[in-house]
Amino acid sequence: MSGDTTSRKSDSAGLENIRKASDAVEKSTAGIAVEKTLERWRTLGAVLVLAVTSVLLYQIDGYLSIDSQVFGGITLALFAYFLVTLRTDIRME
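Residues numbered from 1 in each chain as written. Predicted model: local features only at pLDDT ≥ 70, side-chain atom pairs only at ≥ 80, totals over all residues. Heavy atoms only, no water.

What describes two packed helices is the angle between their axes and the distance between those same axes. Axis separation between helix α3 (residues 41–61) and helix α4 (residues 66–92) bottoms out at 8 Å; the angle between their running directions is 155°. It follows from the interaxial angle that α3 and α4 lie roughly antiparallel. Note on packing geometry: the crossing formed by α3 with α4 is left-handed. Judged by residue contacts, T43, L44, A46, V47, L50, A51, T53, S54, L57 and Y58 of α3 engage D67, S68, F71, G72, I74, T75, L78, F79 and F82 from α4. A class-by-class count of the residues in the contact of α3 with α4 yields twelve nonpolar, six polar and one charged. (Axes fitted to C-alpha atoms, helices over the stretch in contact; angles between N-to-C directions. Helix = DSSP H or I, 4+ residues; strand = E, 2+ residues; numbered from the N terminus. Parallel < 35°, antiparallel > 145°, perpendicular 65-115°, else oblique. Left-handed = near helix turned anticlockwise from the far one by under 90°. Contact = heavy atoms within 4.5 Å. Nonpolar A, V, L, I, M, F, W, Y, C, P; charged D, E, K, R; others polar.)

Bringing the packing of aromatic side chains into the picture now. For the coordinates displayed, the defined rule picks out one aromatic pair. Where F79 meets F82, the ring centres are 6.4 Å apart and the plane angle is 25°; that geometry is what we call stacked. Of this pair, F79 and F82 both sit in helix α4, three residues apart, which is roughly one turn of that helix. (Phe/Tyr/Trp six-rings, centres within 6.5 Å; stacked < 30°, edge-to-face > 60°.)

Before going further, it helps to examine α4. Between its first and last C-alpha atoms α4 spans 39 Å; for 27 residues at 1.5 Å apiece the expected length is 39 Å, and the two agree. Buried-residue contacts for α4 involve α2 (29–39) and α3. (Expected span 1.5 Å × (residues − 1).)

Counting across every chain of the model gives two salt bridges. Across the pair E39 and K36 runs a salt bridge, and its minimum N-O distance is 3.7 Å. Here E39 and its partner K36 are both found in helix α2, three residues apart, which amounts to about one turn of the helix. A salt bridge links R40 to D89; its shortest N-O distance comes to 2.3 Å. Here D89 lies in helix α4 and R40 lies in the loop between α2 and α3, a separation of 49 residues in the sequence. An identical accessibility class is assigned to R40 and D89; each is buried. (Salt bridge = Lys/Arg side-chain N within 4 Å of Asp/Glu carboxyl O. Buried < 20%, exposed > 50% of the residue type's maximum accessible area, 1.4 Å probe, protein only.)

Just distances and angles here, no functional claims.
Here it is as structure tokens:
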């Protein structure tokens, strides 16, 4: 019987520690947004490269060519994807 009470005490103590730890780890929405943005640095890098390419194509051609339109469209689509998935991740946290 004494072994049974010992295991109950250790189980309840473990659950209590988990609750304390989960309460201490809670972050603000802004903190979560910054963390998730830093995790997706590759996507932001791709958006930046595509945006610069679009602008350079526009400046080289001197008008809104099909190439600059395509790169601009891909840039907007990728940036929209980034924002939607970021919003979903923040909501899930």
